Each structure stands twice: as structure tokens, then as C-alpha cells.
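Each chain, letter by letter, is given below.
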Amino acid sequence: MLLSAAALSAGCNAGAGERAAAEPAQPGLRGTLLEPSWDKPDFTLTDTEGRAFDFRAGTEGFVTLLFFGYTHCPDVCPIHMANIAAVLQDLDYDERSRIRVVFVTTDPERDTAPVVRAWLDRFDRSFIGLRGTQEEVDRVQAALHLPAAIRQPSRPGPLPGAYAVGHAAQVLAFTADGRARVVYPFGTRQSDWAHDLPKLVAGWRRPEAGRGAASGG
Amino acid sequence: MQWWCSAQGLAWSWTWRPYVGVWILVAVLVVWYVRLARRSGGVPAGRRWAFAGGVASLWVALDWPLGALAAGYLASVHMVQFLLVALIAPPLLLLSIPEPAWESLTRRPAIAGALERLTRPIVAVIVFNGLVWLTHWPRVVDGLMSYQAGSFLIDMLWILAGFVFWWPVVARVPARARFGYPRKVAYLILATIANTGVFIYLTFSHLPVYATYELAPPIPWISSREDQQAAGLLMKMGGGLVLWTAIGILFGRWYQAEEGSGAPRAEKA
């Protein structure tokens, strides 16, 4: 499962100096390795309980899977969430407790906090759901070298006013040392997650943990 | 417009879609049977019903919604499609063929020779199981199901496999005097064992084996893992139901034949 760097960063509006090059996955990981790795961005959005959620502080020390999507998404979003949730259920408690999954809605108009919570609970009640204004979410995506979500014209259908939202389809994986190291495009399968998640948990610990910390980018 | 069901990557909708290729297949079968019936001077009602059942099985299996769900959304529906196409439609279609048509086959040496070789029970069971394995191999399914021609090929291979498999049990020609009821029963029992491999593979694979269904736009009420387990169970239970029903019918006929003759003997036809 490989995806070209071009496909991953299509529409990306990050500065050239910051923009990371995606390399083919190194042996040992099936996701696409980011070299150099990125810093975990510092942003605060609102969680589904209405509280401010500081992403950097709230996920510190955890392997964090970050995904931007929306609950009316017919394909990419529920497939990613379902596959990650299924594989998390298979991990042992120690591995699972070191992983956070964060979903940021790109459709704040329809995705109210209860809607996001109910949708995430279909997959895993531990998944964190975040909301912000469209501008806030766009800024966060820009900081992560992801294209801003775009509202697309609705197709004729039974629901008047229904619309789709074009958004980045990849899941960003941050390791416990606070670096974005791997990208998982749409098409990542459960077998890929099952292969990579334990390695992400074991591979890069927080520097202060002082055990097996790999060199960051 | 699509002519055959294939995986589209679009969210599932209960909006009807036409698949012209399926209609053409059904129409060709109907026209062929009507002409066959005329040439044979009429067909008994039982055979006509068998034909209707066989064609209906194919039509239901290949057309919307079953065909579309099977091609791009649910492995379990794909398995229902397999059961209809390979295990139910072929024996019904073979049973529907009128007696004079069977006799005409024996008058064509080339066809009779090919049938004699291809439908030997040992050959038939190997061909059937080989095609079943091949058409359920993840690389083949994932490689073909997203193309209409690929999906069509899999469906045609299933129909072919079904005809080859059922031919020794149902067909009148070539006459196999030694392949009587006991051996037919044993042949079908062997088939119930042979499909266990695919059943085990699908039911007990912990992770989804088919990318086609794992990455399909989800159907809300079933996960990809549950869907795959359901597919494996359907193959075993549904296939077993069909095969054991056939075994039961054969036992019944065997018993009637024994009663009628008063002494053990091989089945004539």
C-alpha cells in the first residue's frame, strides 16, 4: 500500500520550506513515511462535550491518529474509522491505551457536537471528536500541509440541500514523541493498521521516556 | 450506463439501476429454450418450471439489487449470488432440457466426446472446486470486481463451474451406467466436504481478505468482518442445504428404483 507523494499533498498550501516530502514506506511500516517528520501542531478546538481541547497537550505521549472528515461522508471517513476501530479492538490493552484517535469535522455546519459524538460512538467511544469554525479548521489543515475542505455541489437525491465535502483522505499518524511520521491514505486496510500500529507504539517513545527513542526528523 | 454489475465505489442507494447485459443473457436463454421446446415437440410442465426456476435464479442473482450489492458492497451477498448462479440455476436448467434434446446431443460425436471427457465425475469435481477456489481468491476478486468485464467473467466462470459440477448428477448424456445413485450421493457428499476450505478461509480469517468489500462504501448494519464471516457461513450452510437437498432427492429416487426393481441395480439415466 503505497501512495505517491504527489497524491498525498495535492492541493497542499504549506510553505515550501516546511513542506515535507513523503517517501515510500520504509521496510517495517506499510504507511507512507514522512521524511523529515513534522512537529505536532499546536491548536485548540472544541470537543464533543463543549470543552476546549488542546491537541498538543491532550495527546502528549500518545500515538495519535488524526483525521479530517465529516459525518455525512459516504465512504472514506466511515471506512477509515471502522477499520481503525476494528484493529484497536484487537490490540492488547497496553498498546491500545497508548493510542488516541482524533477526528476533526470539516463540516461544522451539520456536524454539531452531538452528531459527531453519536457518529464516533458507532465506531469507538474513545475516539475524540473536535469542532471549530471553518476558518479554524482550515488553518489547522494548512498547518498540517493538508488542503482545505471544499463544499461540493449536491447531487440530485432524496435529501434536498444535501451536499458533499471534499477533504483530505489521509490519516496522519503522530508518534509518542510528538512527531508526524506516517501518512495512511484511503485504501489502508485493517491488515495494514494491524501491522503498523504496534510498531508505531513501540518505535518512537517520548524522549523523556528514554527507552528506544528513535531519531526524529 | 453499466451493462453488468461491478464495484463502483459509490455509496449504496436503493435507486434502481438497469443492467442491460443481464437482460440480454436472460432473453437469450428464453429464446433458446422456446426454440428447443418447439423442436422437441413440447416440454412437460415440470421441465418448464425447472427452466423458469433456473432463469429466475440467474436473473435475481445477477441483476439489481442483488448483483450490485454482490459486486461492490457485501461479500455475503456475493456468496448468495454464487449459490444461486453455481449451485441452484445450473441443475434446474439441466433438468429443464427435454428428452429429444438430450438424444440429439448423442448424435453429434464431437460434442458427445467432449462432454464425455469434461463431465467425468472426477474431472467435474476437480474443475468445479478449482474454479470455486480461483474465483474466491482475494487477488482475483479484487482484481476483477471493479471492472464490468471482470465481474462478468467471474459470473460466467461460476455458471460454467455449476454446469460442469451438476452435469454428472443431472444430465442424461453421456450415459454412465456405473455412476448410479450411490456414487452420485457420494459425489455430492464429497462436494460438501470440498467447499469447506473456502468456508474456513472466509469464516476464520481474522482480518477482511477482500479489499473490494473492506473498502466499499459501508452498509450501516454490518461490519466488513461480520460480512466476511457471514459469507463463509453462507457458503457452508447455504451450499450444504442445496447439496443435502439434492442428496435427499437422490436417496428418494434410489429407494424408489430399488422398490420398483426388487433388486439392487445401477440407475439407468
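So, how was this worked out
Residues numbered from 1 in each chain as written. Chains lettered and ligands numbered in written order. Predicted model: local features only at pLDDT ≥ 70, side-chain atom pairs only at ≥ 80, totals over all residues. Helix = DSSP H or I, 4+ residues; strand = E, 2+ residues; numbered from the N terminus. Buried ≥ 20, exposed ≤ 12 C-beta atoms within 10 Å, placed from the backbone. Contact = placed C-beta atoms within 7 Å. Nonpolar A, V, L, I, M, F, W, Y, C, P; charged D, E, K, R; others polar. Pairing = 2+ DSSP bridges. Expected span 1.5 Å × (residues − 1). Core = buried A, V, L, I, M, F, W, Y, C linked by C-beta atoms within 7 Å. Axes fitted to C-alpha atoms, helices over the stretch in contact; angles between N-to-C directions. Parallel < 35°, antiparallel > 145°, perpendicular 65-115°, else oblique. pLDDT = per-residue confidence, 0-100. Left-handed = near helix turned anticlockwise from the far one by under 90°.

Thoughts on the overall build of chain A
Helices and strands together make up the secondary structure of chain A, namely seven helices and eleven strands. The proportion of buried residues among the 217 residues of chain A is 43%. Restricting to contacts in chain A with at least 6 residues of sequence separation, those with at least 24 account for 69%.

Focus on the interface of chain A and chain B
At the junction of the two partners, chain A supplies eleven residues and chain B supplies eleven residues. Elements with a minimum of two residues in the side of chain A that touches chain B: helix H3 (76–90) and helix H7 (190–203) of chain A. A per-element tally of the side of chain A that touches chain B places H3 of chain A first, with four residues. Of the residues that constitute the side of chain A that touches chain B, the class distribution is six nonpolar, three polar and two charged.

Thoughts on the pairing of strand S11 (residues 179–184) of chain A
Residue and element names in this part refer to chain A. For S11, the buried fraction is high: five of the six residues fall into the buried class. For strand S2 (residues 32–39) and S11, the ladder comprises four bridges, and the chain directions are antiparallel. Each bridged residue has a counterpart across the sheet, and for Thr-32 the counterpart in S11 is Val-183. Inspection of the sheet shows strand S10 (residues 171–174) paired to S11 by four bridges, in the antiparallel sense. Bridged to Ala-173 within S11 is Val-182. The hairpin turn running from S10 into S11, its antiparallel successor, is four residues long, and Gly-178 in that turn takes a positive phi close to 85 degrees.

Some thoughts on helix H7 (residues 121–136) of chain B
In a regular helix each residue adds 1.5 Å, so 16 residues correspond to 22 Å; H7 of chain B covers 22 Å between its end C-alpha atoms and thus fits that length. Check the buried side of H7 of chain B and you find it contacts helix H8 (138–144), helix H9 (148–170) and helix H11 (196–204) of chain B.

Observations regarding the nonpolar core
Soluble globular proteins: nonpolar side chains tend toward being buried together. Among the nonpolar cores identified, the biggest contains 122 residues, and Phe-103 and Ala-173 of chain A are the most heavily contacted of them. Per element, the largest residue contribution to this core is 14 residues, and it comes from helix H4 (residues 75–96) of chain B. When near neighbours in sequence (up to four residues on either side) are disregarded, Ala-173 of chain A contacts Gly-31, Val-63, Leu-65, Arg-181, Val-182, Tyr-184 and Leu-200 of chain A.

Quick notes on the packing of helix H1 (residues 20–39) of chain B against helix H2 (residues 45–62) of chain B
All names here are of chain B. Close contact between H1 and H2 brings their axes to 10 Å; oriented N to C, the two are set at 170 degrees. Comparing the axis directions of H1 and H2 gives the class roughly antiparallel. Mapping the contact onto sequence places Val-22, Val-26, Leu-29, Val-30 and Tyr-33 in H1 and Phe-51, Val-55, Leu-58, Trp-59 and Leu-62 in H2. Of the residues assigned to the contact of H1 with H2, the class counts are ten nonpolar, no polar and no charged.

Some words on the confidence of the model for chain A
Interpretation of this model should avoid reading the predicted coordinates in detail wherever pLDDT is low. In the predicted model, chain A carries a mean pLDDT of 84, and the fraction of residues at 70 or more is 78%. Here residues 1–26 of chain A scores under 50 on pLDDT; set against residues more than four positions off or in separate chains, the count is 48 contacts.

Notes on the packing of H4 of chain B against helix H13 (residues 224–261) of chain B
All names here are of chain B. Relative orientation of the contacting elements H4 and H13 amounts to 20 degrees, with a least axis distance of 7 Å. On the basis of their axis angle, the class for H4 and H13 is roughly parallel. By crossing handedness, the relation of H4 to H13 is classed as right-handed. Here H4 contributes Ala-75, Ser-76, His-78, Met-79, Val-80, Leu-83, Leu-87 and Ile-88 to the contact with H13, which in turn contributes Asp-227, Gln-228, Ala-230, Ala-231, Leu-234, Met-235, Gly-238, Gly-239 and Val-242. Partitioned by chemical class, the residues of the contact of H4 with H13 number eleven nonpolar, five polar and one charged.

Quick look at unusual backbone geometry
Negative phi is the rule for most residues except glycine; trans is the rule for most peptide bonds. A cis amide bond links Trp-64 of chain B with the next residue in sequence, Pro-65 of chain B, at an omega value of 5 degrees. Here Pro-65 of chain B is to be found in the loop between H2 and helix H3 (66–72).

Points about the environment of Leu-215 of chain B
Mapped onto the elements, Leu-215 of chain B comes out in the loop between helix H12 (211–214) and H13. Considered as a pair, Leu-215 of chain B and Tyr-73 of chain B are 142 residues apart in the sequence and their alpha carbons are 8.7 Å apart. Leave out the neighbours within four places in its chain, and Leu-215 of chain B touches Ile-79 and Gly-187 of chain A.

Some points on the environment of Thr-59 of chain A
Residues and elements named next belong to chain A. Turning to its location among the elements, Thr-59 is positioned in the loop between helix H2 (55–58) and strand S5 (63–69). Take Thr-59: there are 22 C-beta atoms within 10 Å of it, and that puts it in the buried class. In this view, Thr-59 contacts Thr-64, Arg-100, Val-102 and Phe-174; residues no more than four positions away in its chain are not counted.

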